[in-house]
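Here is what each chain is made of, one letter per residue.
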There are 2 protein chains.
Amino acid sequence: MRQLIALPLALLAASSAFAQDIPPDKVIHYRQGVYTMIGWNFGPMGAMVKGAVPFDAAEFAKRAERVAWLAQQVEEGFPPGSDTGATTDAKPAIWEDFADFQAKLADLKRESQALATTAKGSDEAATKAQFMKVAGTCKACHDLYRAD
Amino acid sequence: MRQLIALPLALLAASSAFAQDIPPDKVIHYRQGVYTMIGWNFGPMGAMVKGAVPFDAAEFAKRAERVAWLAQQVEEGFPPGSDTGATTDAKPAIWEDFADFQAKLADLKRESQALATTAKGSDEAATKAQFMKVAGTCKACHDLYRAD
(Lines give C-alpha, C1' and ligand atoms only; values in the text may rest on other atoms or scores of the structure.)
Protein backbone atom coordinates (compact mmCIF):
# COMPACT_ATOMS: atom_id res chain seq x y z
CA MET A 1 0.00 0.00 0.00
CA ARG A 2 2.77 2.38 0.91
CA GLN A 3 4.44 1.77 -2.44
CA LEU A 4 1.24 2.53 -4.31
CA ILE A 5 1.07 5.89 -2.61
CA ALA A 6 4.79 6.57 -2.96
CA LEU A 7 4.90 6.07 -6.71
CA PRO A 8 2.69 8.98 -7.76
CA LEU A 9 4.49 11.23 -5.28
CA ALA A 10 7.83 10.30 -6.80
CA LEU A 11 6.53 11.02 -10.29
CA LEU A 12 5.17 14.33 -9.11
CA ALA A 13 8.52 15.27 -7.60
CA ALA A 14 10.32 14.38 -10.81
CA SER A 15 7.95 16.43 -12.93
CA SER A 16 7.90 19.51 -10.75
CA ALA A 17 11.67 20.10 -10.74
CA PHE A 18 14.29 19.22 -8.20
CA ALA A 19 13.68 22.39 -6.21
CA GLN A 20 11.38 20.51 -3.85
CA ASP A 21 14.36 18.81 -2.25
CA ILE A 22 16.37 21.96 -1.66
CA PRO A 23 16.21 23.86 1.64
CA PRO A 24 13.90 26.92 1.40
CA ASP A 25 16.72 29.38 2.16
CA LYS A 26 18.64 28.14 -0.90
CA VAL A 27 15.55 28.40 -3.06
CA ILE A 28 14.95 31.95 -1.84
CA HIS A 29 18.55 32.95 -2.51
CA TYR A 30 18.29 31.41 -5.96
CA ARG A 31 15.25 33.42 -6.99
CA GLN A 32 16.77 36.57 -5.51
CA GLY A 33 19.83 35.90 -7.65
CA VAL A 34 17.68 35.63 -10.77
CA TYR A 35 15.90 38.89 -9.99
CA THR A 36 19.22 40.59 -9.21
CA MET A 37 20.54 39.55 -12.62
CA ILE A 38 17.34 40.73 -14.29
CA GLY A 39 17.62 44.10 -12.55
CA TRP A 40 21.30 44.39 -13.44
CA ASN A 41 20.47 44.03 -17.12
CA PHE A 42 17.19 45.95 -16.96
CA GLY A 43 18.84 49.03 -15.45
CA PRO A 44 21.00 50.03 -18.43
CA MET A 45 18.04 49.60 -20.79
CA GLY A 46 15.92 51.80 -18.54
CA ALA A 47 18.62 54.46 -18.52
CA MET A 48 18.59 54.46 -22.34
CA VAL A 49 14.80 54.60 -22.52
CA LYS A 50 14.74 57.54 -20.10
CA GLY A 51 17.50 59.25 -22.08
CA ALA A 52 19.86 59.29 -19.10
CA VAL A 53 22.47 57.72 -21.36
CA PRO A 54 22.65 57.63 -25.18
CA PHE A 55 20.79 54.81 -26.90
CA ASP A 56 23.22 52.04 -27.85
CA ALA A 57 21.39 49.49 -29.99
CA ALA A 58 23.95 46.69 -29.57
CA GLU A 59 24.17 47.14 -25.82
CA PHE A 60 20.37 47.30 -25.56
CA ALA A 61 19.93 44.13 -27.62
CA LYS A 62 22.47 42.29 -25.47
CA ARG A 63 20.68 43.25 -22.26
CA ALA A 64 17.25 42.42 -23.72
CA GLU A 65 18.46 38.96 -24.75
CA ARG A 66 19.72 38.31 -21.24
CA VAL A 67 16.48 39.41 -19.57
CA ALA A 68 14.46 37.18 -21.90
CA TRP A 69 16.70 34.26 -20.95
CA LEU A 70 16.55 35.00 -17.24
CA ALA A 71 12.76 35.34 -17.34
CA GLN A 72 12.66 31.62 -18.17
CA GLN A 73 14.53 30.80 -14.95
CA VAL A 74 12.28 32.57 -12.44
CA GLU A 75 9.53 30.05 -11.89
CA GLU A 76 11.63 27.24 -10.50
CA GLY A 77 12.55 29.60 -7.66
CA PHE A 78 9.00 29.45 -6.32
CA PRO A 79 8.28 25.83 -5.34
CA PRO A 80 5.65 25.20 -2.66
CA GLY A 81 7.10 25.69 0.81
CA SER A 82 9.52 28.43 -0.17
CA ASP A 83 7.33 31.20 1.26
CA THR A 84 9.49 31.21 4.39
CA GLY A 85 13.03 30.12 5.26
CA ALA A 86 15.00 33.32 4.67
CA THR A 87 14.24 37.02 4.37
CA THR A 88 12.01 37.29 1.33
CA ASP A 89 9.80 39.91 -0.30
CA ALA A 90 7.67 37.20 -1.88
CA LYS A 91 4.14 37.42 -0.48
CA PRO A 92 2.30 34.23 0.59
CA ALA A 93 -0.40 35.24 -1.93
CA ILE A 94 1.87 33.75 -4.64
CA TRP A 95 1.13 30.23 -3.46
CA GLU A 96 -2.51 30.98 -2.71
CA ASP A 97 -3.20 31.55 -6.41
CA PHE A 98 -0.18 30.07 -8.13
CA ALA A 99 -1.95 29.91 -11.49
CA ASP A 100 -2.30 33.69 -11.48
CA PHE A 101 1.37 34.09 -10.53
CA GLN A 102 2.31 31.76 -13.39
CA ALA A 103 0.15 33.79 -15.77
CA LYS A 104 2.01 36.93 -14.77
CA LEU A 105 5.35 35.17 -15.26
CA ALA A 106 4.10 34.08 -18.68
CA ASP A 107 3.46 37.75 -19.48
CA LEU A 108 7.04 38.58 -18.50
CA LYS A 109 8.43 35.73 -20.59
CA ARG A 110 6.36 36.66 -23.64
CA GLU A 111 7.01 40.40 -23.53
CA SER A 112 10.71 40.09 -22.72
CA GLN A 113 11.13 37.66 -25.62
CA ALA A 114 9.35 40.18 -27.85
CA LEU A 115 11.74 42.84 -26.58
CA ALA A 116 14.77 40.70 -27.40
CA THR A 117 13.42 40.27 -30.92
CA THR A 118 12.49 43.93 -31.43
CA ALA A 119 15.81 45.14 -30.01
CA LYS A 120 17.68 43.21 -32.71
CA GLY A 121 16.01 45.39 -35.32
CA SER A 122 16.62 49.07 -36.04
CA ASP A 123 13.38 50.61 -34.74
CA GLU A 124 14.49 52.48 -31.63
CA ALA A 125 10.99 53.79 -30.89
CA ALA A 126 9.46 50.32 -31.10
CA THR A 127 12.21 48.97 -28.86
CA LYS A 128 11.56 51.63 -26.26
CA ALA A 129 7.80 51.04 -26.43
CA GLN A 130 8.31 47.31 -25.97
CA PHE A 131 10.62 47.96 -23.05
CA MET A 132 7.77 49.81 -21.34
CA LYS A 133 5.54 46.77 -21.92
CA VAL A 134 8.08 44.56 -20.17
CA ALA A 135 8.34 47.05 -17.31
CA GLY A 136 4.55 46.84 -17.06
CA THR A 137 4.69 43.07 -16.59
CA CYS A 138 7.23 43.53 -13.78
CA LYS A 139 5.02 46.10 -12.06
CA ALA A 140 1.84 44.04 -12.45
CA CYS A 141 3.44 41.16 -10.57
CA HIS A 142 5.27 43.26 -7.97
CA ASP A 143 2.11 45.19 -7.10
CA LEU A 144 0.36 41.99 -6.08
CA TYR A 145 3.09 39.63 -5.01
CA ARG A 146 6.11 41.59 -3.76
CA ALA A 147 6.31 43.18 -0.30
CA ASP A 148 8.16 46.49 -0.34
CA MET B 1 43.53 70.39 -22.92
CA ARG B 2 40.97 69.03 -20.52
CA GLN B 3 38.84 67.82 -23.45
CA LEU B 4 41.79 66.03 -24.97
CA ILE B 5 42.26 64.10 -21.76
CA ALA B 6 38.54 63.56 -21.23
CA LEU B 7 37.92 61.95 -24.59
CA PRO B 8 40.05 58.82 -24.16
CA LEU B 9 38.67 58.35 -20.66
CA ALA B 10 35.13 58.48 -22.01
CA LEU B 11 35.98 55.93 -24.68
CA LEU B 12 37.59 53.72 -22.08
CA ALA B 13 34.48 53.89 -19.89
CA ALA B 14 32.25 53.00 -22.82
CA SER B 15 34.37 50.02 -23.74
CA SER B 16 34.75 48.63 -20.24
CA ALA B 17 31.02 48.23 -19.51
CA PHE B 18 28.65 50.35 -17.51
CA ALA B 19 29.50 48.59 -14.28
CA GLN B 20 31.98 51.33 -13.38
CA ASP B 21 29.12 53.71 -12.62
CA ILE B 22 27.23 51.35 -10.33
CA PRO B 23 27.71 51.41 -6.54
CA PRO B 24 30.06 48.61 -5.38
CA ASP B 25 27.38 46.97 -3.22
CA LYS B 26 25.15 46.51 -6.28
CA VAL B 27 28.05 45.09 -8.28
CA ILE B 28 28.85 42.67 -5.47
CA HIS B 29 25.21 41.55 -5.20
CA TYR B 30 25.13 41.09 -8.97
CA ARG B 31 28.11 38.77 -9.07
CA GLN B 32 26.81 36.86 -6.05
CA GLY B 33 23.56 36.41 -7.98
CA VAL B 34 25.42 34.99 -10.96
CA TYR B 35 27.34 32.55 -8.78
CA THR B 36 24.14 31.57 -6.94
CA MET B 37 22.50 30.75 -10.27
CA ILE B 38 25.57 28.81 -11.38
CA GLY B 39 25.54 26.81 -8.13
CA TRP B 40 21.80 26.19 -8.42
CA ASN B 41 22.29 24.57 -11.82
CA PHE B 42 25.63 22.95 -10.99
CA GLY B 43 24.20 21.12 -7.97
CA PRO B 44 21.80 18.78 -9.80
CA MET B 45 24.52 17.88 -12.30
CA GLY B 46 26.90 17.10 -9.44
CA ALA B 47 24.27 14.90 -7.81
CA MET B 48 23.95 12.93 -11.08
CA VAL B 49 27.72 12.62 -11.50
CA LYS B 50 28.07 11.34 -7.93
CA GLY B 51 25.19 8.94 -8.49
CA ALA B 52 23.11 10.47 -5.70
CA VAL B 53 20.25 10.73 -8.21
CA PRO B 54 19.75 8.85 -11.50
CA PHE B 55 21.38 10.34 -14.59
CA ASP B 56 18.80 12.29 -16.61
CA ALA B 57 20.37 13.35 -19.91
CA ALA B 58 17.79 16.02 -20.77
CA GLU B 59 17.92 17.55 -17.31
CA PHE B 60 21.73 17.46 -17.34
CA ALA B 61 21.91 19.11 -20.77
CA LYS B 62 19.53 21.86 -19.66
CA ARG B 63 21.62 22.63 -16.58
CA ALA B 64 24.87 22.51 -18.56
CA GLU B 65 23.50 24.98 -21.12
CA ARG B 66 22.54 27.37 -18.34
CA VAL B 67 25.93 27.21 -16.63
CA ALA B 68 27.68 27.88 -19.95
CA TRP B 69 25.46 30.92 -20.46
CA LEU B 70 25.97 32.17 -16.91
CA ALA B 71 29.73 31.75 -17.15
CA GLN B 72 29.67 34.50 -19.79
CA GLN B 73 28.08 36.91 -17.30
CA VAL B 74 30.57 36.62 -14.44
CA GLU B 75 33.31 38.99 -15.51
CA GLU B 76 31.27 42.18 -15.58
CA GLY B 77 30.66 41.63 -11.87
CA PHE B 78 34.31 42.36 -11.10
CA PRO B 79 35.02 45.96 -12.18
CA PRO B 80 37.88 47.80 -10.46
CA GLY B 81 36.74 49.21 -7.12
CA SER B 82 34.32 46.40 -6.33
CA ASP B 83 36.69 44.71 -3.89
CA THR B 84 34.81 46.37 -1.02
CA GLY B 85 31.34 47.84 -0.52
CA ALA B 86 29.40 44.84 0.80
CA THR B 87 30.23 41.49 2.38
CA THR B 88 32.19 39.65 -0.27
CA ASP B 89 34.30 36.51 -0.53
CA ALA B 90 36.21 37.96 -3.45
CA LYS B 91 39.85 38.39 -2.47
CA PRO B 92 41.70 41.63 -3.35
CA ALA B 93 44.18 39.41 -5.23
CA ILE B 94 41.65 39.35 -8.10
CA TRP B 95 42.42 42.96 -8.98
CA GLU B 96 46.13 42.61 -8.27
CA ASP B 97 46.50 40.21 -11.19
CA PHE B 98 43.30 40.68 -13.13
CA ALA B 99 44.76 39.06 -16.25
CA ASP B 100 45.21 35.81 -14.33
CA PHE B 101 41.65 36.03 -12.98
CA GLN B 102 40.41 36.59 -16.54
CA ALA B 103 42.39 33.58 -17.73
CA LYS B 104 40.70 31.44 -15.08
CA LEU B 105 37.30 32.77 -16.12
CA ALA B 106 38.21 31.93 -19.71
CA ASP B 107 38.88 28.35 -18.56
CA LEU B 108 35.41 28.23 -16.97
CA LYS B 109 33.76 29.62 -20.11
CA ARG B 110 35.58 27.22 -22.42
CA GLU B 111 35.04 24.08 -20.34
CA SER B 112 31.42 24.86 -19.48
CA GLN B 113 30.69 25.46 -23.16
CA ALA B 114 32.32 22.12 -23.92
CA LEU B 115 30.12 20.53 -21.26
CA ALA B 116 26.98 22.03 -22.80
CA THR B 117 28.01 20.57 -26.16
CA THR B 118 28.97 17.15 -24.79
CA ALA B 119 25.83 16.91 -22.66
CA LYS B 120 23.68 17.24 -25.79
CA GLY B 121 25.17 13.98 -27.05
CA SER B 122 24.60 10.49 -25.72
CA ASP B 123 27.96 9.76 -24.11
CA GLU B 124 27.19 9.76 -20.40
CA ALA B 125 30.77 8.93 -19.40
CA ALA B 126 32.16 11.76 -21.51
CA THR B 127 29.60 14.14 -20.04
CA LYS B 128 30.55 13.16 -16.49
CA ALA B 129 34.27 13.49 -17.29
CA GLN B 130 33.71 16.93 -18.77
CA PHE B 131 31.67 17.93 -15.72
CA MET B 132 34.73 17.16 -13.58
CA LYS B 133 36.80 19.42 -15.83
CA VAL B 134 34.37 22.28 -15.25
CA ALA B 135 34.44 21.61 -11.50
CA GLY B 136 38.22 21.83 -11.74
CA THR B 137 38.03 25.31 -13.27
CA CYS B 138 35.76 26.41 -10.40
CA LYS B 139 38.18 25.04 -7.82
CA ALA B 140 41.27 26.53 -9.48
CA CYS B 141 39.75 29.99 -9.22
CA HIS B 142 38.21 29.57 -5.77
CA ASP B 143 41.48 28.29 -4.29
CA LEU B 144 43.24 31.51 -5.24
CA TYR B 145 40.55 34.15 -5.26
CA ARG B 146 37.72 33.19 -2.93
CA ALA B 147 37.87 33.60 0.84
CA ASP B 148 36.10 30.81 2.66
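Higher on the page you've got the structure.
All figures in this text were calculated on a predicted structure; none of them were measured in a lab.

Draft legend 1. Structural context of the interface of chain A and chain B. Contacts between chain A and chain B engage 21 residues on the former and 21 residues on the latter. The shortest N-O distance in the salt bridge between Arg66(B) and Glu76(A) comes to 3.2 Å. Inspection of the region where chain A meets chain B yields eight residue pairs in polar contact (both at pLDDT 80 or more). When residues of the side of chain A that touches chain B are traced back to their parent elements, those giving at least two are helix H2 (24-50) and helix H3 (57-71) of chain A. No other element matches H2(A), which puts ten residues into the side of chain A that touches chain B.

Draft legend 2. The arrangement of the relation of the copies chain A and chain B in detail. For these two chains of identical sequence, chain A goes onto chain B by a turn of 180° and a shift of 0.0 Å along the axis, with RMSD 0.0 Å. Within this description, the copies of the chain are treated as partners about a two-fold rotation axis. Relative to the rotation axis, the C-alpha of Gly33(A) is the closest in chain A, positioned 1.9 Å from it. When you check the interface residues of chain A against chain B, 100% turn up at the interface there too, and the contact is symmetric in its surfaces.

Draft legend 3. Examining helix H5 (residues 98-120) of chain A more closely. For H5(A), built from 23 residues, the straight-helix expectation of 33 Å at 1.5 Å per residue is met to within 8% by its first-to-last C-alpha distance of 33 Å. For H5(A), the secondary structure elements touched by its buried residues are H2, H3, helix H4 (93-96) and helix H6 (124-145) of chain A.

Draft legend 4. Up close: the packing of H5(A) against H6(A). Residues and elements named next belong to chain A. At a closest axis distance of 9 Å, the pairing of H5 and H6 adopts a crossing angle of 165°. On the basis of the axis angle, H5 is roughly antiparallel to H6. You can see that H5 and H6 cross each other, and the crossing is left-handed. Contacts from Asp100, Phe101, Lys104, Asp107, Leu108, Glu111, Ser112, Ala114, Leu115, Thr118 and Ala119 in H5 reach Ala126, Thr127, Gln130, Phe131, Lys133, Val134, Thr137, Cys138, Ala140, Cys141, Leu144 and Tyr145 in H6. Considering only residue class, the contact of H5 with H6 consists of 13 nonpolar, five polar and five charged.

Draft legend 5. Representation of the packing of H2(A) against H6(A) within the structure. Residues and elements named next belong to chain A. With their axes 10 Å apart at the nearest point, H2 and H6 run at an angle of 130° to one another. Judged by the inter-axis angle, H2 sits oblique to H6. Along this stretch, H2 crosses H6, giving a crossing that reads as left-handed. Contacts between H2 and H6 pair Phe42, Met45, Gly46, Met48 and Val49 from the former with Lys128, Phe131, Met132, Val134, Ala135 and Cys138 from the latter. Grouping the amino acids of the contact of H2 with H6 by side-chain chemistry returns nine nonpolar, one polar and one charged.

Calculation notes
- Residues numbered from 1 in each chain as written.
- Chains lettered and ligands numbered in written order.
- Predicted model: local features only at pLDDT ≥ 70, side-chain atom pairs only at ≥ 80, totals over all residues.
- Heavy atoms only, no water.
- Contact = heavy atoms within 4.5 Å.
- Salt bridge = Lys/Arg side-chain N within 4 Å of Asp/Glu carboxyl O.
- Polar contact = N/O pair within 3.5 Å; in protein donor to acceptor, adjacent residues only side chain to side chain.
- Helix = DSSP H or I, 4+ residues; strand = E, 2+ residues; numbered from the N terminus.
- Least-squares fit on C-alpha atoms with pLDDT ≥ 70 in both.
- Expected span 1.5 Å × (residues − 1).
- Axes fitted to C-alpha atoms, helices over the stretch in contact; angles between N-to-C directions.
- Parallel < 35°, antiparallel > 145°, perpendicular 65-115°, else oblique.
- Left-handed = near helix turned anticlockwise from the far one by under 90°.
- Nonpolar A, V, L, I, M, F, W, Y, C, P; charged D, E, K, R; others polar.

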